[in-house]
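Observations on chain architecture
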Amino acid sequence: MTILVTGAAGFIGFHLCRRLIKLDEKIIGLDNFNSYYDVNLKEARNEILLNESKLNKNKFSIQRVDICNQENLKRVFDKFRPKYVVHLAAQPGVRYSLTNPSSYINNNLVGFGNILENCKTYKIKHLIFASSSAVYGGNINTPFKENQNVDHPVSLYAATKKSNELMAHVYSNLYGLPCTGLRFFTVYGPWGRPDMALSLFIKAMLNGEEIDVNGNGKMERDFTYIDDVVEGLMRLIYRIPEKNDNFDKENILPNSSWCPYKIFNMGNSNKVLLSDYIEVLEKYLGFKAKKRFHPIQPGEMFKTESNNELLKEWINFKPETSIDYGIRMFVNWYRNFYKQ
């Protein structure tokens, strides 16, 4: 079987491909290596994947293709004929969507539509795609459950992710495409994106600069360690949803369907104050941060927390790595990679 992973040079895609390379399947990575953040970091990830693939019978190859280009994307599907697709390529970030909305429309809507079309055409056995905890938007009742209404997003990024869930359901309904959407909760760890809070904090602290603390440090996040996310993905690839001919359409919930379609939270189920998160980082750096406090920013959610009961029931696993361990691993990687 051939597995296609989009966003293979990205944070989650890179870690997933490292695990998949150890399997017997052939892995096709796809990434456009755009300049949203440091391309050198993406190239470094890709180099590791290629080197580790050489030690494992060259099971991995990378295709430098943009999912927004339907013709080039179709060539990849036609050439490699994947049977499983893990779609992680997207335009991430909330704040960037305030100033560059077209990037989200193109990558997260048009690009995802192209993925769905090819999955339909080439009869993919299972499409796993990345959604986000951001879809919970204006919800304030935590922990968030998949059956909650998610019709009140507070950012364009969140709106595109909710749209992805709806688009996937349509293809599952019309064409029987098995789909699993994952609402990731603030994924962090080694090789993390430099635009995320942990990377911004450590960079500023090591340079003797102030860190910007939004929500006056009172925001709460469900921080999810990357290894947990990868373990969940590995268990989900071959856990294919099936249609439910006995589905009760008179009692439809947001997380249920008659189609071969599933939506799951993937979080640590443990909300952490942003100020406490920073304290752990201070512990492993060995000094205090200079803080500059700000109110919550437009598009941000004040708190997130995941209920993972459905995920555990489905694959007998849920993320549990502590932030103490996760931040320690991140600090070790950061100092080594950036020579600091």
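Quantities reported herein were computed from a predicted structural model and do not represent experimental measurements. (Residues numbered from 1 in each chain as written. Predicted model: local features only at pLDDT ≥ 70, side-chain atom pairs only at ≥ 80, totals over all residues. Heavy atoms only, no water.)

Turning our eyes to something else, we now look at the pairing of strand 3 (residues 60-64). With five bridges connecting them, strand 2 (residues 26-31) and strand 3 associate as parallel partners. Residue pairing in the sheet places I27 in a bridge with F60 of strand 3. Handedness of the crossover joining strand 2 and strand 3 through helix 2 (residues 39-54) is recorded here as right-handed. (Pairing = 2+ DSSP bridges. Helix = DSSP H or I, 4+ residues; strand = E, 2+ residues; numbered from the N terminus. Right-handed = clockwise from strand over helix to strand, strands pointing away.)

This paragraph deals with the sheet that holds strand 2. Taken together, the seven strands give an open sheet; going across it, the order is 3-2-1-4-5-6-11, and neighbouring strands pair in parallel fashion. Because the sheet does not close on itself, it has two edges, and the strands there are strand 3 and strand 11 (261-266). Averaged over all neighbouring strand pairs, the angle between strand axes comes to 20°, with direction disregarded. Packing against the sheet, helix 5 (residues 101-121) makes contact with strand 1 (2-6), strand 4 (84-87) and strand 5 (126-132), and its axis sits at approximately 165° to strand 5. (Axes fitted to C-alpha atoms, helices over the stretch in contact; angles between N-to-C directions. Contact = heavy atoms within 4.5 Å.)

On to the packing of helix 7 (residues 197-206) against helix 11 (residues 323-337). Running from N to C, helix 7 and helix 11 point in directions that differ by 55°, and their axes come no closer than 11 Å. As judged from the angle between their axes, helix 7 and helix 11 are oblique. Here the hand of the crossing between helix 7 and helix 11 comes out right-handed. Across the interface between the two elements, L198, S199, I202, K203 and L206 from helix 7 touch F330, V331, Y334 and R335 from helix 11. Classifying every residue of the contact of helix 7 with helix 11 by side-chain character gives six nonpolar, one polar and two charged. (Parallel < 35°, antiparallel > 145°, perpendicular 65-115°, else oblique. Left-handed = near helix turned anticlockwise from the far one by under 90°. Nonpolar A, V, L, I, M, F, W, Y, C, P; charged D, E, K, R; others polar.)

As a further point, take the packing of aromatic side chains. With the rule as written, the count across this model stands at 28 aromatic pairs. Ring geometry for Y36 versus Y96: centroids 4.8 Å apart, planes at 65°, classification edge-to-face. With Y36 in the loop between strand 2 and helix 2 and Y96 in helix 4 (residues 96-99), this pair connects stretches of sequence that are 60 residues apart. The interplanar angle of 20° and the centroid separation of 5.3 Å between the aromatic rings of W333 and F337 together place this pair among those described as stacked. Of this pair, W333 and F337 both sit in helix 11, four residues apart, which is roughly one turn of that helix. Under the relative-accessibility criterion, F337 is labelled partly exposed at 25%. Joined through ring pairs, the aromatic side chains of F14, W191, F330, W333, Y334, F337 and Y338 make up one cluster. (Phe/Tyr/Trp six-rings, centres within 6.5 Å; stacked < 30°, edge-to-face > 60°. Buried < 20%, exposed > 50% of the residue type's maximum accessible area, 1.4 Å probe, protein only.)

Turning next to the pattern of salt bridges. Scanning all chains against the criterion turns up 19 salt bridges. Two residues, E43 and R64, come together in a salt bridge whose shortest N-O distance is 3.0 Å. Of this pair, E43 sits in helix 2 while R64 sits in strand 3, and the two are 21 residues apart along the sequence. The residue E282 makes a salt bridge to K291 at a minimum N-O spacing of 3.1 Å. (Salt bridge = Lys/Arg side-chain N within 4 Å of Asp/Glu carboxyl O.)

This paragraph deals with helix 8 (residues 226-237). For helix 8, with 12 residues, the first-to-last C-alpha span of 17 Å sits near the 16 Å given by 1.5 Å per residue. Within helix 8, 10 of the 12 residues are buried, which leaves it mostly tucked inside the rest of the structure. Within helix 8, burial applies to I226, D228, V229, V230, E231, G232, L233, M234, L236 and I237. (Expected span 1.5 Å × (residues − 1).)

Right, let's talk about the pairing of strand 8 (residues 210-213) for a bit. Successive side chains on a regular strand alternate, one facing one side of the sheet and the next facing the other. Burial along strand 8 is one-sided: I211 and V213 are buried, while E210 and D212, pointing the other way, are not. Here four bridges tie strand 8 to strand 13 (residues 290-293), and the two strands are oriented parallel to one another. Considered in strand 13, the bridge of V213 is made with F293.

For the rest of this paragraph, the subject is empty space enclosed by the protein. The gaps left among the atoms become clear once a water-sized probe is rolled over them. With the rule as written, the count across this model stands at one cavity of 30 Å³ or more. The wall of the largest cavity is formed by F11, V187, Y188, G189, G192, R193, M196, L198, S199 and F330. Secondary-structure elements contributing two or more residues to the lining of the largest cavity are strand 7 (187-188) and helix 7. Of the residues belonging to the lining of the largest cavity, the class tally is six nonpolar, three polar and one charged. (1 Å grid on protein atoms, 1.4 Å probe; cavity = no way out; pocket = protein on both sides within 12 Å on 5 of 7 lines; lining within 4 Å. Points joined across faces, edges and corners; volume = space filled by probe spheres on them.)

It is the contact of helix 9 (residues 274-285) with helix 11, at a shortest axis distance of 9 Å, that shows an interaxial angle of 50°. By the angle class used here, helix 9 and helix 11 are oblique. In the packing of helix 9 onto helix 11, the handedness of the crossing is right-handed. Each of Y277, V280, L281, K283, Y284 and L285 in helix 9 lies in contact with helix 11, whose residues at this interface are I323, D324, I327, R328, V331 and R335. For the contact of helix 9 with helix 11, the class distribution of residues is eight nonpolar, no polar and four charged.

Okay, the layout of surface pockets next. Counted as a void, the second largest pocket has a volume near 280 Å³. Lining of the second largest pocket is provided by 17 residues; of these, N255, Y261, K262, F264 and W314 occupy positions nearest its centre. Of all the secondary structure elements, the ones that give two or more residues to the lining of the second largest pocket are strand 11 and helix 10 (309-315). Considering every element that reaches the lining of the second largest pocket, the biggest residue donor is strand 11, with four residues.

In short, geometric facts, not functional conclusions.
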